[in-house]
There are 2 protein chains.
Amino acid sequence: MTADREDARLIVSRHAAKLFLERGVAGTSGDDIAEAAGLSKRTVWRYFRSKEACVEPLFSASSLRFASVLREWPLQTSIEAYLHEAIRPLDQTPQEIADDVLAVRLVALLPAEPALRTAWLMSCHVGEEQLIDVVAQRSRRLPTDFDVRLCAAAVMAALRVVDEDVSTAAITESRKFELPDIIDQMAKAIRTASTLPICDPVGP
Amino acid sequence: MTADREDARLIVSRHAAKLFLERGVAGTSGDDIAEAAGLSKRTVWRYFRSKEACVEPLFSASSLRFASVLREWPLQTSIEAYLHEAIRPLDQTPQEIADDVLAVRLVALLPAEPALRTAWLMSCHVGEEQLIDVVAQRSRRLPTDFDVRLCAAAVMAALRVVDEDVSTAAITESRKFELPDIIDQMAKAIRTASTLPICDPVGP
DNA sequence: TCTATTCTGTCACTAAGTGACAAGAGGTCG
DNA sequence: CGACCTCTTGTCACTTAGTGACAGAATAGA
């Protein structure tokens, strides 16, 4: 009851991420990951379909948190106002912060580790699916609507580019970012990329 | 000189695609692909980093052709006018048509074969990189510009959604499409998703 | 508490993927 | 033409990613 399957996957994900960062993807075996996580190799392969997929939960974690924030987005609020109000450093647990740092370092590693990109893109895909519902609600359409899916895809793509941009700048150029600035970037990207009028207050 | 490496990869890709469609991904081994392509297993693994990646060239083929069409897009022409003028059925070789059909069938298979999605997304990623140059030229900015990359990502995401939508409709619902309609959809998607003014005639 | 179910580890196995090396297919220069 | 160079391929042995089958531990529910 304490740790359900998704939690367990995330825990393994953290170990895998650290190993990938330390020794590279090719330099870490499934056994290494299993050992670090205190599991049998067999269980690791039950959790993940491939070695690279071991980091997907970590990648997805922030997307999922972001999506769950957006799910609470009141119809009457603009994206800028809402994000600044809803995302505050104090709300983040140390674990979440550590996960974000790990994810950022992994994203910065993408150019050097092409194998990780599949995991990254798959995580963005699940993020996109989460966004579909948000867009559907704010545009008062169905999640199956073509324009809704297109909007969600465009928005997710924009968020991905921001993520990659910030991550590489932070790691490879050692640039420092303040949370409000990142929120501004995210909000601006969402507003720019959204193809349906979801960013400003909608209806009653 | 006749068949360079990329051509060889594409040829293998066709065999892999057919096998995946016939027997499923899990049901076809690397040996099967190698045998079908008339190559040794070793060469297949020299061409591709994984079994699923064997279909990437096929996925990328249409993106690459589309991108090369867009590369010729004159600055004074709108996206709708140009696409209708530049894409004509008669220009397509039988091989290209067959490749497109294969790609469409594979895309329609994505829900049933999650393993293929990594290959699909990676191909969309290379398509995105191609688009960056097009967007850069039409917006008179550098390919490294953040807004250029964001626009390319949004446009590619839109094209991907169109592709997935058309493919599933064509295969799973047996819907028939006429080329002009698809071009309309593509153009509309590009116009909708583009975050920079690239769709209409731009300066001299 | 007994039981049904779900989860995990062990172990043997298949198949994906790599390293090392030798043989062949051009290409260039004398 | 032959000698040489380079690039690609196949062979084979090998490592490791990933699966199937089963038995034991854990957990939920009555």
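Residues numbered from 1 in each chain as written. Chains lettered and ligands numbered in written order. Predicted model: local features only at pLDDT ≥ 70, side-chain atom pairs only at ≥ 80, totals over all residues. Heavy atoms only, no water.

Caption draft 1: Main features of the relation of the copies chain B and chain A. When chain B is fitted to chain A, the residual RMSD is 0.0 Å, and the transformation amounts to a turn of 180° plus an axial shift of 0.0 Å. Interpreted geometrically, this transformation is the action of a two-fold axis. The rotation axis passes nearest to the C-alpha of A154 of chain B in chain B, at a distance of 2.3 Å. With an isologous cut-off of 70% or more, the 100% of interface residues of chain B that recur at the interface of chain A puts this contact in the isologous class. (Least-squares fit on C-alpha atoms with pLDDT ≥ 70 in both. Contact = heavy atoms within 4.5 Å.)

Caption draft 2: Summary view of the protein's contact with DNA strand D. Every one of the 14 residues lining DNA strand D counts as a neighbour, but G30 and K51 of chain A together with T43, R46 and Y47 of chain B are closest to it. A share of 48% is what sugar and phosphate atoms reach among the atoms of DNA strand D within 4 Å of the protein. R42 of chain A is positioned such that a nitrogen or oxygen atom in its side chain is 2.9 Å from a base oxygen of DNA strand D. At 2.7 Å from a phosphate oxygen of DNA strand D is found a side-chain nitrogen or oxygen belonging to Y47 of chain B. (Near = heavy atom within 4 Å. Polar contact = N/O pair within 3.5 Å; in protein donor to acceptor, adjacent residues only side chain to side chain.)

Caption draft 3: Seen up close, the packing of helix α4 (residues 56-71) of chain A against helix α7 (residues 114-139) of chain A. All names here are of chain A. At a minimum axis distance of 9 Å, the contact between α4 and α7 shows a crossing angle of 15°. On the basis of their axis angle, the class for α4 and α7 is roughly parallel. Between α4 and α7 lies a crossing of right-handed hand. Taking contact as the criterion, the partners of E56, F59, S60, S63, L64, A67, L70 and R71 in α4 are, on α7, L116, A119, W120, M122, S123, V126, G127, Q130, L131, D133 and V134. In the contact of α4 with α7, the residues fall into 11 nonpolar, 5 polar and 3 charged. (Axes fitted to C-alpha atoms, helices over the stretch in contact; angles between N-to-C directions. Helix = DSSP H or I, 4+ residues; strand = E, 2+ residues; numbered from the N terminus. Parallel < 35°, antiparallel > 145°, perpendicular 65-115°, else oblique. Left-handed = near helix turned anticlockwise from the far one by under 90°. Nonpolar A, V, L, I, M, F, W, Y, C, P; charged D, E, K, R; others polar.)

Caption draft 4: Fine view of the interface of chain B and chain A. Contact residues are listed per partner, giving 24 residues for chain B and 24 residues for chain A. For the pair chain B and chain A, the summed buried surface comes to about 2,100 Å²; carbon and sulfur atoms form 72% of the total. Counting across the interface, chain B meets chain A through 4 salt bridges. The residue R149 of chain A makes a salt bridge to D165 of chain B at a minimum N-O spacing of 2.7 Å. Applying the counting rule to chain B against chain A returns 4 residue pairs in polar contact (both at pLDDT 80 or more). Of all the secondary structure elements, the ones that give two or more residues to the side of chain B that touches chain A are α7 (114-139), α8 (146-172) and α9 (179-193) of chain B. The element contributing the most residues to the side of chain B that touches chain A is α8 of chain B, with 11 residues. For the side of chain B that touches chain A, the residue count by class is 13 nonpolar, 5 polar and 6 charged. (Buried area = accessible area lost by both parts, 1.4 Å probe. Salt bridge = Lys/Arg side-chain N within 4 Å of Asp/Glu carboxyl O.)

Caption draft 5: How the structure looks around the protein's contact with DNA strand C. Within the structure, DNA strand C sits among 14 residues, and S40, T43, R46 and Y47 of chain A together with K51 of chain B are positioned closest to it. In the environment of DNA strand C, a phosphate oxygen lies 2.8 Å from a nitrogen or oxygen atom belonging to the side chain of S40 of chain A. G30 of chain B is positioned with one of its backbone polar atoms (N or O) 3.1 Å from a phosphate oxygen of DNA strand C. Mapped by element, the contributors of at least two residues to the surface near DNA strand C are α3 (41-47) of chain A together with α3 (41-47) of chain B. The dominant element in the surface near DNA strand C, judged by the number of residues it contributes, is α3 of chain A, at 4 residues. Of the residues belonging to the surface near DNA strand C, the class tally is 3 nonpolar, 6 polar and 5 charged.

Caption draft 6: Expanded view of the nonpolar core. Ranked by size, the top nonpolar core spans 131 residues in total, and within it V55, L83 and L106 of chain A together with V55, L83 and L106 of chain B carry the most contacts. Among all residues touching L106 of chain B, those that are not within four sequence positions of it are A17, F20, L21, V55, L58, F59 and L116 of chain B. (Core = buried A, V, L, I, M, F, W, Y, C linked by side-chain atoms within 4.5 Å. Buried < 20%, exposed > 50% of the residue type's maximum accessible area, 1.4 Å probe, protein only.)

Caption draft 7: Representation of α9 of chain B within the structure. In a regular helix each residue adds 1.5 Å, so 15 residues correspond to 21 Å; α9 of chain B covers 21 Å between its end C-alpha atoms and thus fits that length. Within the sequence span of α9 of chain B, burial applies to I182, I183, M186, A187, A189, I190 and A193 of chain B. Angular distribution of buried residues about the axis of α9 of chain B spans 160°; they occupy a single face of the element. Those residues of α9 of chain B that are buried are in contact with α8 (146-172) of chain A together with α4 (56-71), α5 (79-86) and α8 of chain B. (Expected span 1.5 Å × (residues − 1). Arc of directions from axis to C-beta.)

Caption draft 8: Expanded view of the pattern of salt bridges. According to the stated counting rule, one finds 29 salt bridges over all chains in the structure shown. Here R9 of chain A and E6 of chain A are joined by a salt bridge, their closest N and O atoms 3.5 Å apart. Placement of both R9 of chain A and E6 of chain A in helix α1 (residues 5-23) is noted, with a separation of 3 residues, approximately one turn of the helix. Using a relative accessible area of 17% as the deciding quantity, one classes R9 of chain A as buried. Notably, a salt bridge pairs D100 of chain B with R65 of chain B, separated by 3.1 Å at the nearest N-O pair. You can see D100 of chain B sitting in helix α6 (residues 94-109) and its partner R65 of chain B sitting in helix α4, a full 35 residues away along the chain. By relative accessible area, which is 23% here, R65 of chain B ends up partly exposed.

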